[in-house]
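Next come the chains, spelled out residue by residue.
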Amino acid sequence: AFDWLKQGKNVGKVVLNLSNNTVLPDGGYVITGGLGGLGLQTAKVLAQQGAEHIFLVSRSGKVAYEGQGLEEDLRWLQTESGAQVHILQCDVSKEEDVVRMLATVRETMGPIGGIVHAAGVIRDGLIRGGAACAGSAEVWSAKAHSAWLLHQHTLADQLKMFMTFSSIAASIGNIGQSAYGAANRFLDDLVDSRQSMGLSGQSIQWPAIAGVGMAANLMSKSTSALDGWSISSEEFDHQFTMILKSN
């Protein structure tokens, strides 16, 4: 600005705009379920809000769903977002995997800035007849047990952000999703516990995100499954951005 003034090319006053869009503190940001639709949508918003290092954590190490444009989202993150994007293969329901993954993040980046726990699976089944029991362990491991492991193994990290993506199923329930609702309720209670300890923590009970990840997969099988209980990906971006800025 001063060089511009020295050149005498300005007419009238020169106004300096010192604002920027960066709302996230320094550090690496870990997203579990990072290569699913919701994980990539989350990563895009984090990049837009100033995250410089994003770690996409995935059990398979591959984009989760075909036909949703997720490959293009990942390509944008890697080439145009301005963030350094790292892909880490890790089963967050296994303690040894979580310990190894977090150690890799620390070795690569130093302090961990925040964690967004977006991993999860849905295995619908009615309690009557025992069908709900068949997939309950998998649902619990992906959502609840993995969140507990992330909590336990980052207690010394002084995280600026520990965010869990819960579901409205934790509050209102859904037919065939007793295990899913219970696992998400655990996320809410875990965050309450963290806050009582003076630690960062926020749990968001999202509805289904239409066209993204598990929601899109369910919609392709039953259009009534999410009727009235979903928001668009654009609305998710807006709401998530507002949450980040409010923090």
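Throughout this description, residue numbers start from 1 for each chain and increase along the sequence as written. For this predicted model, a pLDDT threshold of at least 70 governs which residues receive local features, and a threshold of 80 or more governs which side-chain atom pairs are given and counted, while totals over whole chains, interfaces and linings are taken from all residues. To obtain the side-chain values, all non-hydrogen atoms of the structure were included, while hydrogens and water were left out.

Caption draft 1: Geometry of the packing of aromatic side chains. Centres within 6.5 Å make a pair out of two Phe, Tyr or Trp rings, where for Trp the six-membered ring is used; the pair is then stacked when the planes are under 30 degrees apart, edge-to-face when over 60, and tilted otherwise. Scanning the model with the defined rule gives 6 aromatic pairs in all. Geometrically, the ring pair formed by Phe-165 and Trp-206 is edge-to-face, given 5.8 Å between the ring centres and 80° between the ring planes. In this pair, Phe-165 sits in strand E5 (residues 161–167) while Trp-206 sits in strand E6 (residues 202–206), placing the two residues 41 residues apart along the sequence. Only protein chains enter the accessibility calculation, which uses a 1.4 Å probe; a residue whose area is less than 20% of its type maximum is buried, one above 50% is exposed, and one in between is partly exposed. The class of Trp-206 is buried, set by a relative accessible area of 7%. Helix numbers and strand numbers start at the N terminus; a helix is a DSSP run of H or I with at least 4 residues, a strand a run of E with at least 2.

Caption draft 2: Seen up close, the pattern of salt bridges. When a carboxyl oxygen of Asp or Glu lies within 4 Å of a side-chain nitrogen of Lys or Arg, that pair is called a salt bridge. Evaluation of the coordinates by the stated rule reveals 5 salt bridges. Among the salt bridges present, the one from Asp-97 reaches Arg-100, with a minimum N-O distance of 2.8 Å. Of this pair, Asp-97 and Arg-100 both sit in helix H4 (residues 95–109), separated by 3 residues, roughly a single helical turn. Residue class for Arg-100 comes out partly exposed when judged on its relative accessible area of 49%. One salt bridge in this structure joins Arg-185 and Asp-188, with 3.9 Å as the shortest N-O distance. With a gap of 3 residues between them, Arg-185 and Asp-188 both fall in helix H7 (residues 178–196), about one helical turn apart. For Arg-185, a relative accessible area of 40% puts it in the partly exposed group.

Caption draft 3: Structural detail: the sheet that holds strand E4 (residues 112–117). With parallel pairing, the 6 strands of this open sheet are ordered in space as E3-E2-E1-E4-E5-E6. Each end of this open sheet is capped by a strand with a single partner; those strands are strand E3 (84–89) and E6. Put simply, the sheet's adjacent strands are angled 20° from each other on average, direction ignored. One requirement defines pairing of two strands: DSSP has to find at least two bridges between them. Both E4 and E5 contribute to a ladder of 4 bridges, which runs parallel. Bridging across to E5, Gly-114 finds its partner in Met-161. In this analysis, axes come from line fits to C-alpha atoms, helices being fitted only over the stretch in contact, and the angle between any two N-to-C directions falls in the range 0 to 180 degrees.

Caption draft 4: Region of the structure containing the nonpolar core. The biggest cluster of nonpolar side chains holds 31 residues, and the ones touching the most others in it are Leu-46, Ile-54, Leu-56, Met-163, Phe-165, Trp-206 and Phe-240. Breaking this core down by element, the ones donating at least two residues are strand E1 (28–32), helix H2 (37–48), strand E2 (53–58), helix H3 (70–79), E5, E6 and helix H9 (233–246). No other element matches H2, which puts 5 residues into this core. The contacts of Met-163, once residues within four sequence positions are left out, are Ile-115, Val-116, His-117, Gln-202, Ile-204, Phe-240, Ile-243, Leu-244 and Asn-247. For the purposes of this section, nonpolar cores are sets of buried Ala, Val, Leu, Ile, Met, Phe, Trp, Tyr and Cys residues that join through side-chain atoms within 4.5 Å. One finds Val-57, Met-101, Ile-112 and Leu-149 within the second-largest nonpolar core, a separate group that totals 20 residues. Any two residues having at least one pair of non-hydrogen atoms within 4.5 Å are treated as being in contact.

Caption draft 5: A look at unusual backbone geometry. Even without glycine at this site, Gln-158 takes up a positive phi of about 50°. Relative to the elements of secondary structure, Gln-158 occurs in the loop between helix H5 (131–152) and E5. Among the residues examined, Gln-158 registers a relative accessible area of 67% and is labelled exposed.

Caption draft 6: Expanded view of the pairing of E1. For E1, a buried count of 5 out of 5 residues is recorded, marking the element as mostly surrounded by other parts of the structure. Here E1 shows a buried face lined by Gly-28, Val-30 and Thr-32 and a second buried face lined by Tyr-29 and Ile-31. Two strands pair when backbone bridges link them, and E1 and E2 are joined in this way by 5 bridges, in the parallel orientation. Within the sheet, the bridge partner assigned to Thr-32 lies in E2 and is Val-57.

Caption draft 7: H4, seen in detail. Each helix should span, by expectation, one fewer than its residue count multiplied by 1.5 Å. The terminal C-alpha atoms of H4 lie 21 Å apart, and with 15 residues this matches the ideal 21 Å at 1.5 Å per residue to within 8%. Along H4, the residues that are buried comprise Asp-97, Val-98, Met-101, Leu-102 and Val-105. The buried residues of H4 occupy one face: seen down the axis, they fall within an arc of 125°. Opposite the buried face of H4, by more than 90 degrees, sit the exposed residues Glu-96 and Glu-107. One or two positions beyond H4, positive phi appears at Gly-110, with a value near 95°. Comment: arc refers to directions from the helix axis out to C-beta atoms.

Caption draft 8: Region of interest: the side chain of Lys-143. Tracing the sequence through the fold places Lys-143 in helix H5. Think of it this way: Lys and Arg go in the positive column, Asp and Glu in the negative one, and His and the chain ends go nowhere. Buried Lys-143, no salt bridge; nearest opposite-charge side chain is Asp-188, N-O distance 8.9 Å. Excluding residues that lie within four positions of it along the chain, Lys-143 makes contacts with His-117, Ala-119, Gly-120, Phe-165, Tyr-180, Ala-183, Asn-184 and Leu-187.

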